[in-house]
Amino acid sequence: MFDVVLSLTIAFTITFLAIPVIIRVAAMKKIYDIPDERKIHQAAIPALGGLGIFAGFLFSVLLIANFQESKNLQFYLAAAVVIFYMGLKDDIIIISPVKKFIGQVLAAFIIIYYGGLQIHSMQGFLGVNELPESFSLLFTYLTAIVVMNSFNLIDGVDGLAGSLGLLCTTVFGTYFVLTGHLPEAVMAFAMAGALLAFLIFNFQPARIFMGDTGSLLIGLVNAVLVVKFINVAMEPEQAFSVQAAPALGFGILIIPLMDTLRVFGIRILHRRSPFSPDRNHIHHLLLDLGLSHRAIAITLTSLNAVVIAIGFYLQELGTTALMALFFGIFFSIIGLLYLVRKRRPQLFVGPTNEILKQSGGKLVPLSENPLMEKK
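The structure presented is a predicted model; accordingly, all values stated were derived computationally and were not measured.

How each quantity is defined
Starting afresh in each chain, residues are numbered from 1 along the sequence in its written order. The predicted origin of the model limits local features to residues at a pLDDT of at least 70 and limits the giving and counting of side-chain atom pairs to 80 or more, whereas totals for whole chains, interfaces and linings rest on all residues. In computing side-chain properties, one takes all heavy atoms of the structure into account and sets aside hydrogens as well as water. For the purposes of this entry, the term helix denotes a DSSP run of H or I that reaches at least four residues, the term strand denotes a run of E that reaches at least two, and both are numbered from the N terminus. Burial classification: accessible surface area is computed with a 1.4 Å probe over protein chains only, and a residue below 20% of its type maximum counts as buried, one above 50% as exposed, and the rest as partly exposed. Each accessible area value is a Shrake-Rupley result obtained with a 1.4 Å probe; residue values ignore everything except the protein chains displayed when judging cover. In this analysis, the expected span of each helix is defined as 1.5 Å times one less than the number of residues it contains. In this analysis, two residues are considered to be in contact whenever any of their non-hydrogen atoms come within 4.5 Å of each other. Salt bridges are identified by distance alone: a Lys or Arg side-chain nitrogen within 4 Å of an Asp or Glu carboxyl oxygen. Pairs of N or O atoms are called polar contacts if they sit within 3.5 Å, as long as, within protein, a hydrogen donor faces a hydrogen acceptor (for residues adjacent in sequence, only side-chain-to-side-chain pairs).

Participant: Please set out the overall build of the chain residue by residue, giving values where relevant.
Facilitator: Of regular secondary structure, the chain possesses 15 helices and 2 strands. Considering the chain as a whole, with its 375 residues, one finds that 51% of them fall into the buried category. A total accessible area of about 17900 Å² is found for the chain, and carbon and sulfur atoms account for 65% of it.

If you want it as structure tokens, here you go:
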């Protein structure tokens, strides 16, 4: 238990000390996330917070984790390094979705092939128990890639991805502490400590963003933790075995996972790439209702926590029934948001205000910003 607390403390301290330095360096080198027609923020803000998260997480795990007890931990860190460099390159010079996907597949290959992570059973979901080897591998690859992208795509308002990542890693870490899997607990709480420090600078008004470096790293760590959780929780000899481990693992990640799967489905139905941008995410729906970034982060994190509590309490329902309940809760909330959603105001840019008069809108002056003009 001392190692777990120490890992959280070290990760928090390193990230907390690193973020202000990163903000200053980004200002000196003019490395900013410039606002455009898709983005919500209105000022140029550094997007290299993932550097601080990675530094705190990596140093803490390397220093505290017992690699003799879990030799696969080195491969999880190797995959984290792959994600770190790919995300950092995307934050500085934007890379194509194809290259990002290749990097994610490579990271998934490392944690599955070398790290020994694989989902072997669905514990009765739709009558399926043990999975065939080939389908098991394919499903594990899909799980890892979707979880990585889910945190990348949910990172749309200040504090949201960090808060959800903090909640999920804390839940996984607590479970691993209770079941005696200390290396995984150290990894989970190291990420939780780094995110806790980062959120001090990322809650509205944000002074820094985590960028793809941070969001993809959170996704990778949670992908490792959820697969490990499913395998450990299904073991009947565990003191804290779970009767619906796949469903509960899904429930712990429900907000980022379900929102990503829903948005991917909408884009595919409209014959667009799943990675093409739009404003269909759940945080966009809440923004259209007039909620602030802080309120959205707190609301969605609290909702995720409630679903986790429901999952642990009702695990005896079984995997299929619990998954159906989670789907019902999520889509009921989405349906309600669409019903009460306000029409988003349109923005017209032109030399005169004639078009504004015709549309019945109002004239909004644009503030001068040298960085935006240069962009």
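Participant: Please set out helix α10 (residues 254–269) residue by residue, giving values where relevant.
Facilitator: The end-to-end C-alpha separation of α10 is 22 Å, in line with the 22 Å expected for 16 residues at 1.5 Å each. When you tally the buried positions in α10, you get 12 out of 16 residues, the bulk of the element. Looking at α10, one finds that the buried residues are Ile254, Ile255, Pro256, Leu257, Met258, Asp259, Thr260, Arg262, Val263, Phe264, Ile266 and Arg267. Residues of α10 that are buried make contact with α5 (133–154), α6 (160–178), α9 (245–252), α11 (282–288), α12 (293–313) and α13 (319–340). Arginine 271 lies just past α10 and shows a positive phi near 60°.

Participant: With reference to specific residues and values, describe the pattern of salt bridges.
Facilitator: Taken as a whole and assessed by the stated rule, the structure comprises 5 salt bridges. Of the charged contacts in the structure, one is a salt bridge between arginine 262 and aspartate 259, with a shortest N-O distance of 3.0 Å. Separated by 3 residues within a single helix, arginine 262 and aspartate 259 lie in helix α10, roughly one turn from each other. Arginine 262 sits in the buried class, given a relative accessible area of 8%. Notably, a salt bridge pairs arginine 279 with aspartate 288, separated by 3.5 Å at the nearest N-O pair. With a relative accessible area of 21%, arginine 279 lands in the partly exposed category. Relative accessible area serves as the criterion here: at 11%, aspartate 288 is assigned to the buried category. Bridged by salt links that share partners, the residues Asp90, Lys100 and Asp212 form one connected network.

Participant: Break down the environment of lysine 99 for me, with residues and values.
Facilitator: In this fold, lysine 99 is placed in helix α4 (residues 97–114). Taking C-alpha positions, lysine 99 is 8.6 Å from methionine 86, a pair spaced 13 residues apart along the chain.

Participant: Tell me about the side chain of asparagine 202, and name the residues and values.
Facilitator: Tracing the chain through its elements places asparagine 202 in helix α7 (residues 182–202). A distance of 2.8 Å separates a polar side-chain atom of asparagine 202 from the backbone oxygen of isoleucine 208. Contact partners of asparagine 202, with chain neighbours within four places excluded, come to Asp158, Gly159, Ile208 and Phe209.

Everything listed here is a matter of geometry and, on its own, says nothing about what the molecule does.
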